[in-house]
Amino acid sequence: MSSSDQTVTWRELLVEATQTFRTAGIEQPAMDARRVVEQASGAAPSELLLLLDDPVTERALGSFDAMVQRRSAGEPLQYVLGAWSFRSLDLMVDSRVLIPRPETEAVVEIALAELDLLGAQERTCQVVDLGTGSGAIGLSIAVERVRTQVLLTDRSEDALRVAGANIAGLGRPGARVSSRLGSWFDALPNDLLAKVDLMISNPPYIPTAVVLPEQVADWEPAGALRSGPDGTDDLRLLIDGAGEWLQKDGVLVCELSPEQAADMLALAQSRFRDARIEQDLTGKDRALVARGPDLRSR
Ligand SMILES: C[S@@+](CC[C@H](N)C(=O)[O-])C[C@H]1O[C@@H](n2cnc3c(N)ncnc32)[C@H](O)[C@@H]1O
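I will try to describe carefully the structure that is included in this document. None of these values were measured; they are calculated from a predicted model.

The rules we used
- Residues numbered from 1 in each chain as written.
- Predicted model: local features only at pLDDT ≥ 70, side-chain atom pairs only at ≥ 80, totals over all residues.
- Heavy atoms only, no water.
- Near = heavy atom within 4 Å.
- Polar contact = N/O pair within 3.5 Å; in protein donor to acceptor, adjacent residues only side chain to side chain.
- Nonpolar A, V, L, I, M, F, W, Y, C, P; charged D, E, K, R; others polar.
- Pairing = 2+ DSSP bridges.
- Helix = DSSP H or I, 4+ residues; strand = E, 2+ residues; numbered from the N terminus.
- Contact = heavy atoms within 4.5 Å.
- Axes fitted to C-alpha atoms, helices over the stretch in contact; angles between N-to-C directions.
- Core = buried A, V, L, I, M, F, W, Y, C linked by side-chain atoms within 4.5 Å.
- Buried < 20%, exposed > 50% of the residue type's maximum accessible area, 1.4 Å probe, protein only.
- Parallel < 35°, antiparallel > 145°, perpendicular 65-115°, else oblique.
- Left-handed = near helix turned anticlockwise from the far one by under 90°.
- Salt bridge = Lys/Arg side-chain N within 4 Å of Asp/Glu carboxyl O.

**Some thoughts on the site of the ligand**
Piece 1. By nearness alone, 18 residues border the ligand, and Gly131, Asp154, Trp184, Asn202 and Ala224 come closest of all.
Piece 2. Contact distances for the ligand include 3.0 Å between a nitrogen atom and a side-chain N or O atom of serine 183.
Piece 3. A distance of 2.8 Å separates an oxygen atom of the ligand from a polar side-chain atom of asparagine 202.
Piece 4. Tallied by class, residues from the shell around the ligand come to seven nonpolar, nine polar and two charged.

**Section: the pairing of strand S8 (residues 272-279)**
Piece 1. Pairing of S8 with strand S9 (residues 285-293), which is carried by seven bridges, proceeds in the antiparallel orientation. Following the sheet pairing, phenylalanine 272 is matched in S9 by proline 293.
Piece 2. Hairpin connection, S8 to S9: the antiparallel pair is bridged by five residues, and glycine 283 has positive phi, about 85°.

**Quick word on the environment of proline 189**
Piece 1. Considering the arrangement of structural elements, one finds proline 189 in the loop between strand S5 (177-181) and strand S6 (196-201).
Piece 2. The spatial distance from the C-alpha of proline 189 to the C-alpha of glutamine 260 is 30 Å, given a sequence separation of 71 residues.
Piece 3. Residues within four places of proline 189 in sequence aside, it is in contact with Leu151, Arg180 and Trp245.

**Description of the sheet that holds strand S4 (residues 148-154)**
Piece 1. Read across the open sheet, the seven strands follow the order S5-S4-S3-S6-S7-S9-S8; overall the sheet is mixed. Both outer strands of the open sheet, S5 and S8, are each paired with one neighbouring strand and no more. Strand-to-strand twist across the sheet, computed as the mean angle between neighbouring axes with direction ignored, equals 15°.
Piece 2. Pairing of strand S3 (residues 125-130) with S4, which is carried by six bridges, proceeds in the parallel orientation. Among the inter-strand pairings, leucine 130 is bridged to a residue of S4, identified as threonine 153.
Piece 3. Helix H7 (residues 136-144) contacts S3, S4, S5 and S6 of the sheet and is inclined by roughly 170° relative to S4.

**Focus on the nonpolar core**
Piece 1. Trp10, Leu13, Phe21, Val36, Val56 and Phe64 are the most contacted members of the largest nonpolar core, which totals 31 residues.
Piece 2. Not counting chain neighbours up to four residues away, the residues in contact with valine 36 comprise Phe21, Phe64, Met67, Val68, Leu77 and Leu81.

**Looking at unusual backbone geometry**
Piece 1. Phi angles above zero are rare outside glycine, and arginine 87 is one such case at about 50°.
Piece 2. Following the sequence through the fold, arginine 87 ends up in the loop between strand S1 (83-86) and strand S2 (89-92).
Piece 3. For arginine 87, a relative accessible area of 25% puts it in the partly exposed group.

**Considering the packing of helix H10 (residues 233-241) against helix H11 (residues 261-269)**
Piece 1. Relative to each other, H10 and H11 sit at 20°, their axes nearing to 9 Å. By the angle class used here, H10 and H11 are roughly parallel. Crossing of H10 over H11 shows right-handed handedness. In this structure, H10 uses Leu235, Arg236, Ile239 and Asp240 to contact H11, whose residues at the interface are Asp263, Met264, Leu267 and Ala268.
Piece 2. Among the residues forming the contact of H10 with H11, the class breakdown is five nonpolar, no polar and three charged.

**As for the pattern of salt bridges**
Piece 1. Taken as a whole and assessed by the stated rule, the structure comprises 21 salt bridges.
Piece 2. The shortest N-O distance in the salt bridge between arginine 291 and glutamate 114 comes to 2.5 Å. Residue arginine 291 is found in strand S9, and its partner glutamate 114 is found in helix H6 (residues 102-117); the two are separated by 177 residues along the sequence.
Piece 3. The class for arginine 291 is buried, based on a relative accessible area of 16%.
Piece 4. Here the salt bridges do not stand alone but share partners, grouping Glu114, Arg276, Glu278 and Arg291 into one network.

So, in structure tokens, the structure goes:
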């Protein structure tokens, strides 16, 4: 769209973006066009209809054009918009971090119930989110359970920068959140040994040989996805090592894929007093919940 066209309206741009996305083979052209127009215009979803016949400023047009170009080139909508919602949060996301997924929202729900059993409504609970990416899991917990202290870790400096921006955007709950760089337990300070109430992780769990959709393989960070031949290298490491960091009734919650559930449950049963598998909203095995580390392993 030419910036010399002074009379262009959001309605025209919505049609233009839908057509461009359709031609580019984007799966849901109308929905993506709507999100791009909302973002460029600054309209909330409920306000869009009210401003469709408003003239577009040159600045907004520049932002619209750039977003349409990026999306048409196949970049995920979430990165193009630069923000994505996760539970109650509007998180900054870009190609330095995994796009937070709906199944992970369910894993957070499971973890919150475990925290409540540990008394998180009445006392301060220490939470660690290992491999935090955008901070989606840990920041949701910090916001939804106001007595938690939350530590976010990642081995990717880039990811921690994004998580840092999201901590800053959190307001007051952000004061209860900190972050540390490092590989899994190496990132943790010694004073957390045997003190953690909830350790939670959505680690990489895709088997090496699985062919990923182009939009994932081409755009999402490689270090966030794969974990050995059956995808369980990192899960095994977490289940093996969490015990010494958890307090005696502490809980480990890990996201996994359904075909990994039986093996990871068996491993967790050999390291914890109780372990079980929980399902996501579509009924698929999605989370390992392991409570009470076997203290003989300390
Ligand atoms: C599947 S992504 C999950 C991101 C985020 N927690 C979420 O649920 O959207 C896995 C994350 O683990 C991080 N990661 C991978 N290997 C790691 C390691 N050895 N130590 C710490 N973090 C790691 C990646 O950088 C990535 O941010």
